[in-house]
Amino acid sequence: MVNDERLAFPEDFTWGTATASFQVEGAAHEDGRGDSIWDVYCRQPGRIADGSNGDVACDQYHRYPEDIALMKQMGVGAYRLSVAWPRIVPQAGGAINQAGLDHYRRVLDMLLENGIKPVVTLYHWDLPQYLQEAGGWANRDTAQRYADYAAVLAKALGDRVQTWTTLNEPWCSAYLGYGDGGHAPGIRDYGQALAAVHHLNLAHGLGAQAIRAELGDRARISVTLNLQVNRADSDDPADLAAKTRADLFANEVWLGPMLAGTYDQRIHDAAEGITDWSFVRDGDLEQIHQPLDVLGINYYSTNHVRGRSGAGSERNPMPAQEMVETLPPQGPLTAMGWNQEPQGLTDLLMEVSGRFPKLDLMITENGSAWEDQVSMDPSFPGGKGVHDPQRVAYLEEHLRAVARAIHEGARMTGYFAWSLLDNFEWALGYTKRFGLIRVDYDTQERIWKDSGLRYAQIIHDRAV
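Within an unreviewed UniProt entry, the label attached to the protein chain reads Beta-glucosidase, and the organism entered is Bifidobacterium kimbladii.

Trainee: Residues and numbers for the overall build of the protein chain, please.
Mentor: Broken down by element type, the protein chain carries 15 helices and 15 strands. For 464 residues, the compact-globule formula gives about 23 Å, and the C-alpha radius of gyration of the protein chain, at 21 Å, lands near that figure. Principal axes of the C-alpha set define a box for the protein chain whose edges measure 65 × 55 × 45 Å. Pairs at least 24 residues apart make up 77% of the contacts formed inside the protein chain by residues separated by at least 6 positions. Accessible surface computed for the protein chain: about 17600 Å², of which carbon and sulfur atoms make up 48%. Computed over 41 positive and 63 negative side-chain charges, the separation of the two mean positions in the protein chain equals 3 Å.

Trainee: Give a detailed account of the environment of A184, specifying residues and quantitative values.
Mentor: Within the element layout of this structure, A184 appears in the loop between α8 (170-178) and α9 (190-215). Look at A184 and you get buried, because its relative accessible area is 6%. Separated by 143 residues in sequence, A184 and Y41 place their C-alpha atoms 5.6 Å apart. Residue contacts for A184: discarding those within four places in its chain leaves I37, W38, Y41 and G177.

Trainee: Can you tell me about the packing of aromatic side chains, naming the residues and giving the values?
Mentor: Tallied over the full model, the rule gives 27 aromatic pairs. Both rings, one in F9 and one in W15, keep their centres 4.8 Å apart while their planes meet at 70°; by these two values the pair is edge-to-face. Considering the side-chain rings of Y123 and W137, the 5.3 Å spacing of their centres and the 70° angle between planes classify their relative orientation as edge-to-face. Here Y123 is found in strand β3 (residues 117-123), whereas its partner W137 is found in the loop between α6 (129-133) and α7 (141-157), with 14 residues between them in sequence. For the pair formed by Y123 and W137, the shared burial category is buried. Through a chain of ring-to-ring contacts, the aromatic side chains of F22, W38, Y41, W125, F424, W426, Y430 and Y441 assemble into a single cluster. Between R315 and the ring centre of Y190, over which it is positioned, the NZ or CZ distance is 4.0 Å.

Trainee: Which residues make up the sheet that holds strand β9 (residues 324-326), and what are the values?
Mentor: Backbone hydrogen bonds are what pair the strands of a sheet, in a parallel or an antiparallel way. The strand order across the open sheet built from three strands is β6-β8-β9, with neighbouring strands paired in mixed fashion. The sheet is open, and its two edges are formed by β6 (230-232) and β9, each paired on a single side. Recorded for the sheet is a direction-independent mean angle of 40° between the axes of neighbouring strands. Direction of pairing for β6 relative to strand β8 (residues 303-307): parallel, over a ladder of three bridges. Bridge assignment links N230 to a residue of β8, and that residue is N303.

About the criteria used
Residues numbered from 1 in each chain as written. Predicted model: local features only at pLDDT ≥ 70, side-chain atom pairs only at ≥ 80, totals over all residues. Heavy atoms only, no water. Helix = DSSP H or I, 4+ residues; strand = E, 2+ residues; numbered from the N terminus. Rg over C-alpha atoms; globule rule 2.2 N^0.38 Å. Contact = heavy atoms within 4.5 Å. Areas by Shrake-Rupley, 256 points an atom, 1.4 Å probe, with all protein chains shown as cover. Lys, Arg positive; Asp, Glu negative; His and termini not counted. Charge placed at Lys NZ, Arg CZ, Asp CG, Glu CD. Buried < 20%, exposed > 50% of the residue type's maximum accessible area, 1.4 Å probe, protein only. Phe/Tyr/Trp six-rings, centres within 6.5 Å; stacked < 30°, edge-to-face > 60°. Lys NZ or Arg CZ within 6 Å of the ring centre and 35° of its normal. Pairing = 2+ DSSP bridges. Axes fitted to C-alpha atoms, helices over the stretch in contact; angles between N-to-C directions.

Structure, rendered in structure tokens:
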């Protein structure tokens, strides 16, 4: 079916694209960088699907001028990148690595010279390994070390950064890292997972305070959450209860503390027997509940759930989900095995906007992986490229979903396509490609895809 509906975006809407340090930078052993938990995780046999690592990745550490030129060609007005904490504070003890700061200063300067606003994520999962050896996010001290690191970045780079994002998807850090072990550091302990939830919340609050202490009113603070859209399979009370339980641990553990200064009592009740919550101290919730200038939302797909009695065979990354059965996704699936439900994005934006009506929202990641093939075709820059009609369709339909939410009153200020480049897809290694630009990992050649060209056209038209 051809969708001929044309939807326009506001004049001041921010168009961006995004990457993360460990996924694209490479240069893992250069300029004083220390090990992250992902470097160590990649060395453990069987952890990464193709046995790969981030040692080289897309080599953006060296090739950022080329990538910024591609962004300028695409017409984006902002770039969401992350700083690698192990480049800034490589060793226990807190000594600052000037070479790391200098690198990011050069990257930010070049972005600004090209009219591209830097949106900087302080933590996109690459925790210094020495902090993991002291307990990682299950250890309260990690939140304080994060605040120290945030203060260093604010002081060194604050005049160059348009928006600071404290954390990317703490759901993944806590639940995939400590709940089911599918991500670094690879721990399977629900008690540690919930401690990690709280200490990530605390890090967000302490980090926001540290940045504001350094920059005052110039600081623009955000956090990025991968809020789940959980759909109940029916109106059966058991199915509705399953949706509520999933929502509590996926969404409310972040939204409550960060935006309202409280944990929903139902979270405490459901986790009885897993933890006694002794890691939550007096004053923590006030520290976590800091003013936000914008809330970043990452969205890819929806979950359909129904009630279940008794534990299933697969371990849920989230604790206290024995009553929740996640149904197999339906319809045409992406290469990740994820469904495509653009309406879920509209619904999510309307729900969050209705609940927090004064809060600006940004889509900080949205995209899709497909099996791409390179074609020799003179219509592409360089004479070859990737025809990716499925990614183009996904992009268009989800941008229409954003536009509909704006027209229905959601406070949407920007959209960042994931990802600028094909890159290291965490536990899946290099087996999945999300890029608007293809990367030939043998040669590091950047190759345009139809989706990158289509995104450039949408940005130019400010309409889809």
